[in-house]
Amino acid sequence: MTNQTWLTQEAADRLRAELEYLEGDGRTEIIKKIEVARSEGDLKENGGYHAAREEQGKMEARIRQLKHMLDHAHIGAPPAGESGFVGAGMVITVNIAGDEMKFLLGSREISSGDLDVYSENSPLGAAVLRAKIGETVTYIAPNGREIVVAILEAEYYA
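Owing to the predicted nature of the structure, the values given are computational and were not obtained by experimental measurement. (Residues numbered from 1 in each chain as written. Predicted model: local features only at pLDDT ≥ 70, side-chain atom pairs only at ≥ 80, totals over all residues. Heavy atoms only, no water.)

Enquirer: Lay out the overall build of the protein with the relevant residues and their values.
Expert: When helices and strands are tallied, the protein shows three helices and seven strands. When the helices and strands of the protein are listed from N to C terminus, the series reads β-α-α-β-β-β-β-α-β-β. For 158 residues, the compact-globule estimate of 2.2 N^0.38 gives 15 Å, and the C-alpha radius of gyration of the protein, at 21 Å, exceeds that figure by more than 25%. Over its C-alpha atoms, taken along the principal directions, the protein stretches across nearly 65 × 35 × 25 Å. (Helix = DSSP H or I, 4+ residues; strand = E, 2+ residues; numbered from the N terminus. Rg over C-alpha atoms; globule rule 2.2 N^0.38 Å.)

So, in structure tokens, the structure goes:
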């Protein structure tokens, strides 16, 4: 279940709407941009054509990402975990080097932007996932330093 993304119903609905737009009107708009740019002449030196093709590639990548996420998501209540332990879909309060920090453990697609979000696969996320509230854990930061994290609180994201 750790490879599964947890999404609120609201986040899933928002992502489905984005996917529907990209697969419909979004594709239609980019095809029109490409056709207009193509009609301007020599494709080798046509910046508008190349920009539109790059935009199309990014849009198709986002479509694939959304489909995969929605196909493999746990939608609704966060996955049930053991009481007193950190799990996906929780807002975690930690103390790192004397500084208190609060973040959401899960996918950034869940958050409305009011919290920092750390994936369960990030160094910090992997360190706190399944840890007991009140426990101190460590992880290796990308710069190679060992970071000590005290888990103060964990509550499900609303």
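The discussion continues.
Enquirer: I'd like a description of the pattern of salt bridges, backed by residues and values.
Expert: Considering all chains together, one arrives at six salt bridges under this definition. A salt bridge links Glu60 to Arg27; the shortest N-O distance between them is 2.8 Å. One end of the pair, Glu60, is in helix H2 (residues 47-71); the other, Arg27, is in helix H1 (residues 9-38), and 33 residues separate them in sequence. A salt bridge links Glu55 to Lys33; the nearest nitrogen and oxygen atoms lie 3.3 Å apart. A residue pair is termed long-range when its members are at least 10 positions apart, and Glu55 in helix H2 and Lys33 in helix H1 qualify at 22 residues. (Salt bridge = Lys/Arg side-chain N within 4 Å of Asp/Glu carboxyl O.)

Enquirer: Quick one: what's the story with the pairing of strand S6 (residues 136-140), residue by residue and with numbers?
Expert: Burial of S6 is one-sided: the residues Val137 and Tyr139 facing one way are buried, the residues Thr136, Thr138 and Ile140 facing the other way are not. Two strands pair when backbone bridges link them, and S6 and strand S7 (residues 146-156) are joined in this way by five bridges, in the antiparallel orientation. Pairing of Thr138 across the sheet is with Val148, part of S7. In sequence, S6 turns back onto S7 through a hairpin of five residues, with Gly144 there showing a positive phi of about 95°. (Buried < 20%, exposed > 50% of the residue type's maximum accessible area, 1.4 Å probe, protein only. Pairing = 2+ DSSP bridges.)

Enquirer: An account of unusual backbone geometry is needed here, citing residue identities and associated values.
Expert: The backbone phi angle of Ala97 is positive, close to 55°, even though this residue is not glycine. On the secondary structure map, Ala97 appears in the loop between strand S3 (90-96) and strand S4 (99-105). The class for Ala97 is exposed, based on a relative accessible area of 73%. One non-glycine residue, Arg130, lies in the positive phi region at around 70°. Along the polypeptide, Arg130 turns up in the loop between helix H3 (123-128) and S6. Classification of Arg130 as exposed rests on a relative accessible area of 55%.

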